[in-house]
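Coordinates in review
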Amino acid sequence: AIRDVLATGRPSFSFEFFPPRDAAGEALLWATIRRLEGLAPSFISITYGAGGTTRDRTARIAADVISKTTLTALAHLTCVGASRAELRGVVGQYAAGGVRNVLALRGDPPTGFGQAWTPHPGGLVRALELVELLRELGDFSIGVAASTQRHPESTGLEQDARVLAEKARAGADFAVTQLFFEVGEYVELVERAARHGCEIPIIPGLMPITRAGQLERFALMSGVPVPAWLSERIDAAGDDPAAVRAVGLEAATELAQDLLEAGAPGLHTYTLNRSGAAMEIFGNLGLLPRLAS
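Okay, so let's go over this structure. The shown structure was predicted, so the numbers you read here are calculated from the model rather than taken from an experiment.

On to the pattern of salt bridges, then. In total, this model carries 14 salt bridges according to the counting rule given. In this structure, Arg-34 engages Glu-37 in a salt bridge whose closest nitrogen and oxygen atoms are separated by 3.1 Å. On the criterion of helical spacing, the pair formed by Arg-34 and Glu-37 is a turn pair, its members being 3 residues apart in helix H2 (residues 23-37). Classification of Arg-34 by relative accessible area gives partly exposed; the value is 43%. With a relative accessible area of 19%, Glu-37 lands in the buried category. A salt bridge links Arg-84 to Glu-136, with the nearest nitrogen and oxygen atoms 3.5 Å apart. Pair noted here: Arg-84 is in helix H4 (residues 84-96) and Glu-136 is in helix H5 (residues 127-137), with a separation of 52 residues, a long-range link. Overlapping salt bridges bring together Arg-3, Arg-135, Asp-139 and Asp-173 as one network.

Rendered as C-alpha cells:
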C-alpha cells in the first residue's frame, strides 16, 4: 500500500503514465516500465481517460504491472461518465486484478478544461463521494488530487483546502498535486491544508520541460501560470533542442531539491510515457539506486 511506503519517512519517487492507444504505444510503455523496474520506484500510476475512455485499458495495464513486475501500481478512477453501479464494477475489476492503490478523482469535464461539469445521472458528484465508495468497498490505499492553484469552480484557495481536508477525513491516505513551478506555492498549500486539519502526505507533481513550446501548452491545459524566470531561462536556450532540455531539467532538479528540503514526502513526475527526463532528475537528487551498467 502506498500509505505504508509513505509512512517509512523515506522520500518516495514515482512516475505517471497514460494507457496507450495502439500496440506500438503499448510496446513503448512496457519497455519503459521494464527499464524502471530495476530502479525500484515507490509506485507508478496509470491514468484514466476523459469520460472513462480508457477504463478497461487502465484496469488491464495496472493488473499486468502487478502480476508481471515487482512494481506497485496506482490506478486512477474518476466520476466522469459512469453511474454509481458502474463505478462499483470498475472497483471490483481493480480488486480482481490485485489493484489496492487507487487515485480517486472527480475528473475534468469531457468537453475540456474549464468547461461546465455535469455529473452522470445516477453517478457521483464529488471526489469525496468516490473516496467514501472506495472505503466502503475494500481496504484500498486511496490517493486524491491537490493543487497549488484555485480550482476553477471554487470560491478560493481556502475552500480548496477545506475540500482536501474533507477527503482526508473520509479516508484518503495521501494526495498528489497537479504540476506547478514554484516551491513557495507548495509550502503554502501544505500550510493551508494543515490549518483545516488535513495532515495526510501531499506529494508534489512535477512536469519537466524538455522541448520548446511545452511551457505554454502545459499552462493552457492546466491553468498553471508560468513564472517569468522560467520562461526567460527557456527562451535563453534559443532553438537548440539540447540546450532547451538541459535548462528544463536543471530547473526541474532545482525545484525538486527545494521541495525535498521544504519537507515534501516525495516527488511524482508526469512522464508523457517517456521516463528519461524524470530518471535524470531523480538521479541528480541521488534517489535512484546504483545499478550495474
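After that view of the structure, there is still more to cover.
In terms of nonpolar packing, the biggest core is built from 67 residues, with Phe-15, Leu-77, Tyr-94, Leu-130 and Leu-267 touching the most fellow members. The leading source of residues in this core is helix H10 (residues 241-261), at 6 residues. Excluding anything up to four places from it in sequence, Leu-267 contacts Ser-12, Phe-13, Ser-14, Ile-203, Pro-204, Leu-206, Ala-256, Leu-259, Leu-260, Phe-282, Leu-285 and Leu-287. Counting 23 residues, the second largest nonpolar core, distinct from the first, contains Leu-105, Phe-181, Ile-234 and Ala-237.

This part takes up the state of the cysteines. With the rule as written, the count across this model stands at 0 disulfides. Here Cys-79 is not cross-linked by a disulfide; its sulfur's nearest cysteine counterpart is in Cys-198, at 18 Å. Judged by its relative accessible area of 0%, Cys-79 is buried. A relative accessible area of 4% means that Cys-198 is categorised as buried.

It is worth spelling out helix H6 (residues 157-170) at this point. A rise of 1.5 Å per residue sets the reference length of H6, with its 14 residues, at 20 Å; its end C-alpha atoms lie 20 Å apart and thus fit the reference within 8%. Those residues of H6 lying buried are Asp-160, Ala-161, Leu-164, Ala-165, Lys-167, Ala-168 and Ala-170. The secondary structure elements touched by the buried residues of H6 are H5, strand S5 (141-146), strand S6 (174-179), helix H7 (183-195) and strand S7 (202-206).

Orientation of H5 relative to H6, taken along the N-to-C sense of each, is 10°, at an axis distance of 9 Å. Judged by the inter-axis angle, H5 sits roughly parallel to H6. Every residue of H6 that contacts H5 at Ala-127, Leu-128, Val-131, Glu-132 and Arg-135 is listed here: Glu-166, Lys-167 and Ala-170. Its residues assigned to classes, the contact of H5 with H6 comprises 4 nonpolar, no polar and 4 charged.

The next point concerns the sheet that holds strand S4 (residues 101-105). The strand order around the closed barrel formed by 8 strands is S1-S2-S3-S4-S5-S6-S7-S8, and the pairing between neighbours is parallel. For this sheet the average axis-to-axis angle between neighbouring strands, irrespective of direction, equals 30°. Against the sheet, H4 touches strand S3 (73-78) and S4, its axis set at about 170° to S3. Sheet contacts for H6: S5, S6 and S7; angle to S5, the most-contacted strand, approximately 175°.

Considering all chains together, one arrives at 4 aromatic pairs under this definition. Note on Phe-15 and Phe-282: the rings are 5.4 Å apart at their centroids and 90° apart in plane angle, and the pair reads as edge-to-face. In this pair, Phe-15 sits in strand S1 (residues 12-17) while Phe-282 sits in helix H11 (residues 276-284), placing the two residues 267 residues apart along the sequence. By relative accessible area, Phe-282 is classed as buried at 0%. Counting every residue linked through ring pairs, the aromatic cluster contains Phe-13, Phe-15 and Phe-282. Above the ring of Phe-140, the side-chain terminus of Arg-100 is found at 5.5 Å from the ring centroid.

Thresholds, definitions, all that
Residues numbered from 1 in each chain as written. Predicted model: local features only at pLDDT ≥ 70, side-chain atom pairs only at ≥ 80, totals over all residues. Heavy atoms only, no water. Salt bridge = Lys/Arg side-chain N within 4 Å of Asp/Glu carboxyl O. Helix = DSSP H or I, 4+ residues; strand = E, 2+ residues; numbered from the N terminus. Buried < 20%, exposed > 50% of the residue type's maximum accessible area, 1.4 Å probe, protein only. Core = buried A, V, L, I, M, F, W, Y, C linked by side-chain atoms within 4.5 Å. Contact = heavy atoms within 4.5 Å. Disulfide = S-S within 2.5 Å. Expected span 1.5 Å × (residues − 1). Axes fitted to C-alpha atoms, helices over the stretch in contact; angles between N-to-C directions. Parallel < 35°, antiparallel > 145°, perpendicular 65-115°, else oblique. Nonpolar A, V, L, I, M, F, W, Y, C, P; charged D, E, K, R; others polar. Pairing = 2+ DSSP bridges. Phe/Tyr/Trp six-rings, centres within 6.5 Å; stacked < 30°, edge-to-face > 60°. Lys NZ or Arg CZ within 6 Å of the ring centre and 35° of its normal.

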